[in-house]
Amino acid sequence: MYRPETGELSFLEVNPRLQVEHIVSEIVCGVNIPALQLQVNTMMLLLLLLLLLLLPLLLLLLLVLMTRLLLQIAMGKKLSELLPDKVPTDLLKDPSRCA
């Protein structure tokens, strides 16, 4: 990696496997590479677990909303009565108005 503002040239190693020379990298940088890899893996597993827990809830919410819409249509309401007349596109231009 070259930084033109300082003229500094550095090397970034992105090999995920631990090898013998990583001991030197750890000593020079003061970083425990296996511990750091475990931390990254743990965070990824926690995010995946969160996604797996939230996905069924989001699907359930979608099912409830669709069932409500279908029941209102079955009770005789027209779909045009249930949907907004105009989509407020001005909110897309200026999102700060949503607050």
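Residues numbered from 1 in each chain as written. Predicted model: local features only at pLDDT ≥ 70, side-chain atom pairs only at ≥ 80, totals over all residues. Heavy atoms only, no water.

Let's talk about the overall build of the protein
Logical step 1: Broken down by element type, the protein carries four helices and two strands.
Logical step 2: Scanning the protein from its N terminus toward the C terminus, one meets helices and strands in the order β-β-α-α-α-α. (Helix = DSSP H or I, 4+ residues; strand = E, 2+ residues; numbered from the N terminus.)

Overview of the confidence of the model for the protein
Logical step 1: When pLDDT is averaged across the protein, the result is 80; 77% of the residues are at 70 or more.
Logical step 2: Highest mean pLDDT in the protein belongs to helix 2 (residues 33–74) (89); lowest belongs to helix 4 (residues 90–93) (64). (pLDDT = per-residue confidence, 0-100.)

A word on the pattern of salt bridges
Logical step 1: For the coordinates displayed, the defined rule picks out one salt bridge.
Logical step 2: For Arg 3, the salt bridge identified is with Glu 8, shortest N-O distance 3.6 Å.
Logical step 3: Taking relative accessible area as the criterion, Arg 3 reaches 35% and is therefore assigned partly exposed.
Logical step 4: Classification of Glu 8 by relative accessible area gives partly exposed; the value is 38%. (Salt bridge = Lys/Arg side-chain N within 4 Å of Asp/Glu carboxyl O. Buried < 20%, exposed > 50% of the residue type's maximum accessible area, 1.4 Å probe, protein only.)

Structural notes on a nonpolar patch on the surface
Logical step 1: Nonpolar side chains collect at one region of the surface, where Leu 47, Leu 50, Leu 54, Leu 57 and Leu 58 lie side by side and expose about 500 Å² of accessible area between them.
Logical step 2: Position of Leu 57 relative to the elements: it lies in helix 2.
Logical step 3: Taking the relative accessible area as the measure of exposure, Leu 57 reaches 53% and is therefore exposed. (Patch = residues over 30% accessible without salt bridge, like charges linked within 9 Å, V, L, I, M, F, W, Y side chains within 5 Å. Areas by Shrake-Rupley, 256 points an atom, 1.4 Å probe, with all protein chains shown as cover.)

Some words on helix 2
Logical step 1: Across its 42 residues, helix 2 extends 61 Å between first and last C-alpha, which sits within 8% of the 62 Å expected from 1.5 Å per residue.
Logical step 2: Phi turns positive, to about 105 degrees, at Gly 76, one or two residues after helix 2. (Expected span 1.5 Å × (residues − 1).)

Focus: the side chain of Gln 72
Logical step 1: Of note, Gln 72 is situated in helix 2.
Logical step 2: Note on Gln 72: relative accessible area 18%, which makes it buried.
Logical step 3: For Gln 72, the contacting residues outside a window of four places in its chain are Lys 77 and Leu 82. (Contact = heavy atoms within 4.5 Å.)

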